[in-house]
Amino acid sequence: MLSSRIVPCTLRLNKLMNRTGTDCLCVIDRDAVPNELKDTFEEHRSFDKSFDSSVSCFKAPNVEQPVVYAPVPELTDYDDVRSYQEAAKNSIKKAVKAGFQTPLLFVPKVKRFPQAELCTILGALEQLYVPIQLREAGSCKDPSVTTLNVQIDDPKAEEIIKEAMILEAGRFVARDIGVGDPERMTPLQVEKYIKPLFDKLSVNVVSDTKVLEKEYPLFAAVNRAADAVERHRGRIIFLEYKPPKPAKKTLMLVGKGVTYDTGGADIKAGGVMAGMSRDKCGAAAAAGFMHVVNELQPDDIHVVAALCMVRNSVGEECYVADEVITSRAGLHVRIGNTDAEGRMCMTDALCRMKELVVEKNLPDPHLFTIATLTGHAFISAGEGQSIAIDNSVAHREDHARRLQAAGQAFGEPFEVSILRPSDFAFNAGKVIGEDLVQANNAPSVRTPRGHQVPAAFMIKASGLDKHGLDSKKPIKYTHIDIAGSAGEHPAMPTAAPLVSLVKTHLQN
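Residues numbered from 1 in each chain as written. Predicted model: local features only at pLDDT ≥ 70, side-chain atom pairs only at ≥ 80, totals over all residues. Heavy atoms only, no water.

## A short note on the side chain of D348
The test is simple: Numbering of helices and strands runs from the N terminus, with a helix taken as a DSSP run of H or I at least four residues long and a strand as a DSSP run of E at least two residues long. Each residue is assigned to one of three classes by its accessible area relative to the maximum for its type, calculated with a 1.4 Å probe on protein chains only: buried under 20%, partly exposed between the two thresholds, exposed over 50%. We treat Lys and Arg as the positive residues and Asp and Glu as the negative residues; His and chain ends play no part in the count. Counted as salt bridges are all cases of a side-chain nitrogen of Lys or Arg within 4 Å of a carboxyl oxygen of Asp or Glu. N or O atoms closer than or at 3.5 Å make up a polar contact, with two conditions inside protein: a donor-capable atom paired with an acceptor-capable one, and, for residues adjacent in sequence, both atoms drawn from side chains. Pairs of residues are marked as contacts when any of their non-hydrogen atoms sit within 4.5 Å.
Locating D348 in the fold gives a position in helix α10 (residues 341–360). Buried and unpaired, D348 has no salt bridge, with R328 as the nearest side chain of opposite charge at 6.4 Å. Engagement of the side chain of D348 in a polar contact is seen with the backbone nitrogen of L218, the distance being 2.7 Å. A polar contact of 2.9 Å, which involves the side chain of D348, links it to the backbone nitrogen of R328. Excluding residues that lie within four positions of it along the chain, D348 makes contacts with E215, Y216, P217, L218, F219, S327 and R328.

## Considerations on the confidence of the model for the protein
The cut-off we apply is this: The predictor rates its confidence in each residue with pLDDT, a number between 0 and 100.
For the protein, mean pLDDT is 96; residues scoring 70 or higher make up 98% of the total. When pLDDT is averaged over each helix and strand of the protein, the minimum, 93, is found for helix α4 (residues 132–137) and the maximum, 99, for strand β13 (residues 365–371).

## Quick word on the packing of aromatic side chains
Heads up, the condition is: For Phe, Tyr and Trp, rings pair up if their centres lie within 6.5 Å, where Trp contributes its six-membered ring, and each pair is then called stacked (planes under 30 degrees apart), edge-to-face (over 60) or tilted (otherwise).
Evaluation of the coordinates by the stated rule reveals eight aromatic pairs. When the ring of F41 is compared with that of F51, the centres are 5.3 Å apart and the planes differ by 80°; the resulting orientation is edge-to-face. Linking F41 in helix α1 (residues 38–47) with F51 in the loop between α1 and β3 (56–58), this pair joins segments that are 10 residues apart in sequence. By relative accessible area, which is 2% here, F51 ends up buried. Between Y84 and F113, the ring centres sit 6.0 Å apart and the planes meet at 70°, which makes this aromatic pair edge-to-face. Note that Y84 is positioned in helix α2 (residues 82–97) and F113 in the loop between β5 (103–107) and α3 (116–127), a separation of 29 residues in sequence. Each of the two residues, Y84 as well as F113, counts as buried. Connected via pairs of aromatic rings, a cluster forms that spans F41, F51, F58 and Y69.

## What about the nonpolar core?
For clarity, the cut-off: As used here, the term nonpolar core means buried Ala, Val, Leu, Ile, Met, Phe, Trp, Tyr and Cys residues forming a set that is joined through side-chain atoms within 4.5 Å.
Ranked by size, the top nonpolar core spans 92 residues in total, and within it I121, L148, V150 and F289 carry the most contacts. When residues of this core are assigned to their parent elements, the largest contribution, 13 residues, is made by helix α5 (residues 157–179). If you look at the next biggest cluster of nonpolar residues, it comprises 50 residues, including Y319, L362, A377 and A483.

## Some words on the packing of helix α9 (residues 281–296) against helix α16 (residues 498–505)
The criterion, for reference: To get an axis, fit a line to the C-alpha atoms, keeping to the stretch in contact for a helix; angles then go from 0 to 180 degrees between the N-to-C directions. In this scheme, roughly parallel covers angles under 35 degrees and roughly antiparallel covers those over 145, while 65 to 115 is roughly perpendicular and the rest are oblique. Crossing handedness follows the turn of the near helix against the far one: under a right angle anticlockwise gives a left-handed crossing, and clockwise gives a right-handed one. Three classes are used: nonpolar for Ala, Val, Leu, Ile, Met, Phe, Trp, Tyr, Cys and Pro, charged for Asp, Glu, Lys and Arg, and polar for all others, with Gly counted as polar.
It is at 9 Å that the axes of α9 and α16 come closest, and there the two elements cross at 45°. Taken together, the axes of α9 and α16 are oblique relative to one another. Here α9 runs over α16; the crossing is right-handed. In this structure, α9 contributes A285, G288, F289, V292 and L296 to the contact, and α16 contributes L498, L501 and V502. Class assignment for the residues of the contact of α9 with α16 results in seven nonpolar, one polar and no charged.

## Focus on helix α15 (residues 453–462)
Note that an α-helix has 3.6 residues per turn; residues three or four places apart therefore point the same way. The buried fraction of α15 is high, at nine of 10 residues. Within α15 the residues assigned to the buried category are V453, P454, A455, A456, F457, M458, I459, A461 and S462. The positive-phi residue at the C-terminal boundary of α15 is G463, with phi of around 85°.

## Side note on the sheet that holds strand β9 (residues 249–261)
To keep things clear, this is the line we draw: In this analysis, strands are considered paired if DSSP registers two or more bridges between them.
The strand order across the open sheet formed by eight strands is β7-β8-β10-β9-β13-β17-β14-β15, and the pairing between neighbours is mixed. In this open sheet, the two edge strands, each paired with only one partner strand, are β7 (202–206) and β15 (414–417). Ignoring strand direction, the axes of neighbouring strands in this sheet form an average angle of 20°. As defined by bridge partners, β9 adjoins β13 across six bridges and the pair is classed as parallel. The partner of M252 across the bridge, within β13, is L367. Sheet strands in contact with α10 are β8 (235–241), β9, β10 (301–312), β13 and β17 (476–481), and its direction is about 160° off that of β9. Each of β13, β14 (386–390), β15 and β17 touches helix α13 (residues 399–410); the most contacted strand, β15, lies at about 170° to it.

## A word on the environment of A394
Along the chain, A394 turns up in helix α12 (residues 392–396). Along the sequence, A394 and L367 sit 27 residues apart, while their C-alpha atoms lie 9.5 Å from each other. Sequence-distant contacts of A394, defined by excluding residues within four places in its chain, comprise H366, H399, K476, Y477 and T478.

## A few points about the pairing of strand β2 (residues 24–27)
Walk down a regular strand and you will see the side chains alternate between the two sheet faces. Side-chain alternation along β2 places C24 and C26 on one buried face and L25 and V27 on a second face that is also buried. Two strands pair when backbone bridges link them, and β2 and β5 are joined in this way by three bridges, in the parallel orientation. Bridge pairing in β5 links L25 to L104. When β2 meets strand β4 (residues 67–69), the two strands line up parallel, connected through three bridges. When the bridges of β4 are listed, V27 appears paired with Y69.

## Regarding the sheet that holds strand β11 (residues 324–326)
Across the sheet, three strands lie side by side as β11-β12-β16; this open sheet has mixed pairing. One side of each edge strand has no neighbouring strand; the edge strands of this open sheet are β11 and β16 (436–437). Here β11 runs beside strand β12 (residues 332–334); their pairing, made up of three bridges, is antiparallel. Bridge pairing links I325 to V333 in β12.

## Regarding α10
To keep things clear, this is the line we draw: To estimate the expected span of a helix, count its residues, drop one, and scale the result by 1.5 Å.
End to end, α10 covers 30 Å across 20 residues, agreeing with the expected 28 Å (1.5 Å per residue, within 8%). Buried residues dominate α10, accounting for 16 of its 20 residues. Phi turns positive one or two residues past the end of α10, at N361, with a value near 50°.

Here it is, written out as structure tokens:
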């Protein structure tokens, strides 16, 4: 299994309280304390009022290994399964700091959260992730965990372990791409990272400048300044999985992969540019999703991803406001703000996905754009939440709500937004000679409906508006803005919404 070579350590299921090969015990749930530790826990509570609200490490008289206790806090009606993920992360963080290398994590079964077991393991593995630059430099100071042992009181324990490994391997890939600094993960370096991982999938890279200018003109405009520097040159990386049986469903993901966003000519001033190497987390999540697809090998689901890798550089060749550029779909787009590059770099690839659906009559198609697109999404949903926006066809099937339900169950919560006529009117051309306006010249946080408007733009500029409810070929489309959930620097990238997409579309 490829996933076993990518997860940060060996993941081992502990059998029947056999603690051989473990050097500490990690407990996170006050209601799921091993019997031989219950008296010790009560003793600690008797003299330490903070025992159930802070992380501690101690020796217990009747067990060999030291105990790490990182309690899940008292839960309100509004808490979700992330409380268990965070507790697992805290326990492993303490274990690593204490120098333990083979911890045993007691994974609780929680009636309120049926997926708590899987989510707890994913939380622990997330804490063990080491950024790719540190791994390559060999400069990680903390001793690493070599084996994460888990004890699960569930007849499906082995299935849970296997699923955790597959999901974490995909998230690991997404984190590597997302966390890579502007030079470690240039468009070229992303291509080099991707190719060995997906040797069983079809990989097609479009990087020739002339081809990009002709076939992906909006993307090429963003790429213009960076194209002068070979290692920064943009490329669109297409990954395709064809199932062994006739496909019943088609998933097509377009990911924003801006390896660094200076804002372009509308430059990010006032110190807000730092952290913009994370603007590629949409493409990173799409790549991670494809890794899961490669592992699961679904029988009848056809999956295509386009990673739109580009650097929004500033310089004498950069595109500027007032330019009118003709999109792949043939619409004249006037540029309003070069810092609205995300919709530019994805729209032509989205158009290409639409064309493939029509040309090949692909079954039950669903198109996605995934992007750290707007500050408006961040302030609307808050840190930790994604936003899903369905077009009319996907909305008819209540898709965003199903995605939201999966996210709630598996620790990747979503808010759902609805497209309104005003979102399309906002993007309408204002003068003769232009069909669409790409953006206004204000930040999205100061723009009414600032995260819905880009979705409407991409629908129009890609020609997806011609594939609505009453068309000959209705096409489902969902835009996912992960500005709030991708992971703000200096925290590690989260790989959201990978798990929710897998649960909604591959394993539902």
